[in-house]
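Residue strings, one per chain:
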Amino acid sequence: MKILKKILLLLLVVFVIAQFFGPEKNEGDLASIEPFLAETNPPEDVKLILKQACFDCHSDHTRYPWYSSITPVNYWMADHVKHGTKHFNVSKWEGASLKKKDHKFDELIEMVEDKSMPLDSYTWTHSDAKLSDAQIQSVLAWAKEVRAMYAKQKAAQ
């Protein structure tokens, strides 16, 4: 029994010490999203959906909930954000090629249609990010318009 108490005490000490360390947070400027919004021109309802369901993981500006300061949750969240921005980062939109932008919107359409985005692990704690069928249709209509715009631009090149 004494060995179990010592192990539990050691684990508690390690847990407390771990709280003083954590990954770097993704707290870039919200202005980095503006070029994406200006170019793709989403309607107001889609803009709100993007803010609630997409930008935390797919931009350089993440809104962190209170529990994001708790280790090991902070490492798990940092990994999700890193993975999300690696695949689709609206803050880096301005420098991307037309071909890449079109491809990213193709992926966006596919992932929203099959409801794999936003992730379930995100919507568990952000219920406002859970998309209704009407919201999905709004996002898809906007994304298809953007792809059509990119198709015209590619044809003009």
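Residues numbered from 1 in each chain as written. Predicted model: local features only at pLDDT ≥ 70, side-chain atom pairs only at ≥ 80, totals over all residues. Heavy atoms only, no water.

**Q** Help me out: how do you make sense of the pattern of salt bridges in this one?
**A** Enumeration according to the criterion identifies 9 salt bridges in this entry. Its salt-bridge partner being Asp106, residue Arg147 comes within 3.3 Å of it at the nearest N-O pair. In this pair, Arg147 sits in helix 8 (residues 133-156) while Asp106 sits in helix 6 (residues 98-113), placing the two residues 41 residues apart along the sequence. Residue classification places Arg147 among the partly exposed residues on the basis of a relative accessible area of 27%. Given the relative accessible area of 32%, Asp106 is considered partly exposed. Salt bridges here are not isolated pairs; linked through shared partners, they connect Asp102, Asp106, Arg147 and Lys154. (Salt bridge = Lys/Arg side-chain N within 4 Å of Asp/Glu carboxyl O. Helix = DSSP H or I, 4+ residues; strand = E, 2+ residues; numbered from the N terminus. Buried < 20%, exposed > 50% of the residue type's maximum accessible area, 1.4 Å probe, protein only.)

**Q** Honestly, a nonpolar patch on the surface in this entry has me stumped. Any pointers?
**A** There is a patch of nonpolar side chains on the surface, built from Leu9, Leu12, Val13, Phe15, Val16, Ile17, Phe20, Phe21, Trp66, Ile70 and Tyr75 and spanning about 1,200 Å² of accessible area. A per-element tally of the nonpolar patch places helix 1 (residues 2-18) first, with 6 residues. Along the chain, Trp66 falls in the loop between helix 4 (55-58) and helix 5 (73-87). (Patch = residues over 30% accessible without salt bridge, like charges linked within 9 Å, V, L, I, M, F, W, Y side chains within 5 Å. Areas by Shrake-Rupley, 256 points an atom, 1.4 Å probe, with all protein chains shown as cover.)

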